[in-house]
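A closer look at the structure
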Amino acid sequence: MQTTWKGTISFGLVSIPVHLYSATQEHDVPLHQVHAKDGGRVRMKRYCEREEKEVPYAEIAKGYESPDGRTVTLSDDDLADLPLPSKKIIDVLAFVDATEIDPLMFSKAYYVGVADKAAAKPYALLRDALVESGQIAVTKIALRTRESPAVLRVHDGTLVLQTCIWPDEVRPAAGIAPEEDVAVRPQELKMARSLMDTLSEDFDLSQLHDDYQQALQQVITARLEGVELPHEEEPGEAPDNVIDLMEALRSSLRQAKGGRAPATPAAEEPAAEEPAPRKRAAAKKAATTKKTAAAGKAAGTGKAAPAKKTTTRKSSAPRKAS
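Residues numbered from 1 in each chain as written. Predicted model: local features only at pLDDT ≥ 70, side-chain atom pairs only at ≥ 80, totals over all residues. Heavy atoms only, no water.

Attention now goes to the sheet that holds strand β2 (residues 14-22). As summarised here, the arrangement of the eight strands in space is β7-β1-β2-β9-β12-β11-β10-β8, forming an open sheet in which the pairing is mixed. With partners counted over all chains shown, the strands left at the sheet margins are β7 (89-91) and β8 (94-97), one partner each. Ignoring which end each strand starts from, the neighbouring axes of this sheet average 40 degrees apart. Where strand β11 (residues 146-155) and strand β12 (residues 158-164) come together, six bridges link them in antiparallel fashion. Paired with Val 154 across the bridge in β12 is Leu 159. The strands touched by helix α2 (residues 120-133) within the sheet are β1 (3-11), β2, β8, β9 (106-114), β10 (135-143), β11 and β12, with β11 carrying the most contacts at an inclination of about 75 degrees. (Pairing = 2+ DSSP bridges. Helix = DSSP H or I, 4+ residues; strand = E, 2+ residues; numbered from the N terminus. Axes fitted to C-alpha atoms, helices over the stretch in contact; angles between N-to-C directions. Contact = heavy atoms within 4.5 Å.)

In structure tokens, the structure reads:
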């Protein structure tokens, strides 16, 4: 594995000579620019505007143009000799809980290896201290032409340096989430948690693969062999709004469980309201029964008269007892 950076971790008065190695690699299908008309390769040339000619890479330097139009040229030596303490030192500034660093700040990861045998003992000391405390170390490091905050943490028994962006480089999220007060019912939250648990059963992150890269490779192969390009069925249109959130959650849970309906206790669901016509009919019948009973007592029978059968027709009215 190729060394990316050489330096020292400064842990109080303890120094640990280390090397950094890239911990990740991306598997991209290599594509380059071509002329769409004839497939000719399109190359980027380094062209000097003043001399109006192409210049070799060895003569390329970095430059800065000031607001008044002046240009400052900076060579690789100028950048290498910057008066920067973090250029060769990873200085541990503090130890914090991992939850104190927002994952939005994380950038590229590097494995930290020892530079010699003498560094093994202090390396193990720092690693074990991080594991026992459950904390991460906050540091700063200068890589190439940029200084970055970073954290030291442990992964599979190995120290990992994870570069971060500066806190003021994280854009505010104000105005993006819904600002109105949205009420979530307890049964909706419980159904959502049940769906989360079901989707998480037997999940293995290592089994994920890049569908885009696979599909792109299929298209390239088809072009090379001169056969018809593979096509995927058009996905159905996603609903533009959610009419019944509980029903959407219930259907999602049923699908996640392989078609089995989720068991939902009746107590969790709000009681369905009785249709309005049935309510009016029941109320009318009760009023008629009460009125008939009162009429029977008034007639001196001493007993409540039996209730007359009524209908729900507007034209029908209960007759008064004589």
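Look at Asp 156: it is not a glycine, yet its phi comes out positive at around 50 degrees. Along the chain, Asp 156 falls in the loop between β11 and β12. Residue class for Asp 156 comes out exposed when judged on its relative accessible area of 70%. Backbone geometry places Asp 202, a non-glycine residue, at a positive phi of 60 degrees. Its place among the elements puts Asp 202 in the loop between α3 (186-200) and α4 (211-225). (Buried < 20%, exposed > 50% of the residue type's maximum accessible area, 1.4 Å probe, protein only.)

What follows covers the packing of aromatic side chains. The final tally for this structure, using the stated rule, is one aromatic pair. Centre to centre, the rings of Phe 11 and Phe 95 are 5.7 Å apart; their planes meet at 70 degrees, and the pair counts as edge-to-face. Note that Phe 11 is positioned in strand β1 and Phe 95 in strand β8, a separation of 84 residues in sequence. We classify Phe 11 as partly exposed; its relative accessible area is 22%. For Phe 95, a relative accessible area of 33% gives the class partly exposed. (Phe/Tyr/Trp six-rings, centres within 6.5 Å; stacked < 30°, edge-to-face > 60°.)

Moving on: the environment of Met 1. One can find Met 1 in the segment before β1. Take Met 1: its relative accessible area is 73%, and that puts it in the exposed class. Met 1 sits 22 residues away from Ala 23 along the chain, and the two C-alpha atoms are 9.7 Å apart. For Met 1, the residues in contact, after removing those within four places along its chain, are Tyr 21 and Ser 22.

In a structure, side chains of opposite charge can pair up when their charged atoms sit close to one another. This model, assessed by the stated rule, comprises six salt bridges. For Arg 70, the salt bridge identified is with Asp 68, shortest N-O distance 3.0 Å. One exposure class covers both Arg 70 and Asp 68, and it is exposed. Across the pair Arg 185 and Glu 188 runs a salt bridge whose closest N-O atoms are separated by 3.3 Å. With a relative accessible area of 10%, Glu 188 lands in the buried category. (Salt bridge = Lys/Arg side-chain N within 4 Å of Asp/Glu carboxyl O.)

Predicted confidence across the protein chain gives a mean pLDDT of 80, with 76% of residues reaching 70 or more. Across the protein chain, β12 holds the top mean pLDDT of 97, while helix α6 (residues 276-298) sits lowest at 51. Across residues 265-277, where pLDDT falls below 50, the model places eight contacts with residues more than four positions away in sequence or in other chains. Per-residue pLDDT stays below 50 along residues 295-322; that stretch engages in 22 contacts with residues further than four places along the chain or on separate chains. (pLDDT = per-residue confidence, 0-100.)

Here we take up the nonpolar core. Counting 20 residues, the largest nonpolar core has Ile 9, Leu 20, Val 112, Ile 141, Leu 152 and Leu 161 as its most contacted members. When residues of this core are traced back to their parent elements, those giving at least two are β1, β2, β9, α2, β10, β11 and β12. Not counting residues within four places of it along the chain, the set of residues in contact with Ile 141 comprises Trp 5, Leu 20, Ser 86, Ile 90, Arg 146, Glu 147, Ser 148, Ala 150, Leu 161 and Thr 163. Ranked by size, the runner-up nonpolar core spans six residues in total, among them Met 105, Ile 136, Val 151 and Cys 164. (Core = buried A, V, L, I, M, F, W, Y, C linked by side-chain atoms within 4.5 Å.)

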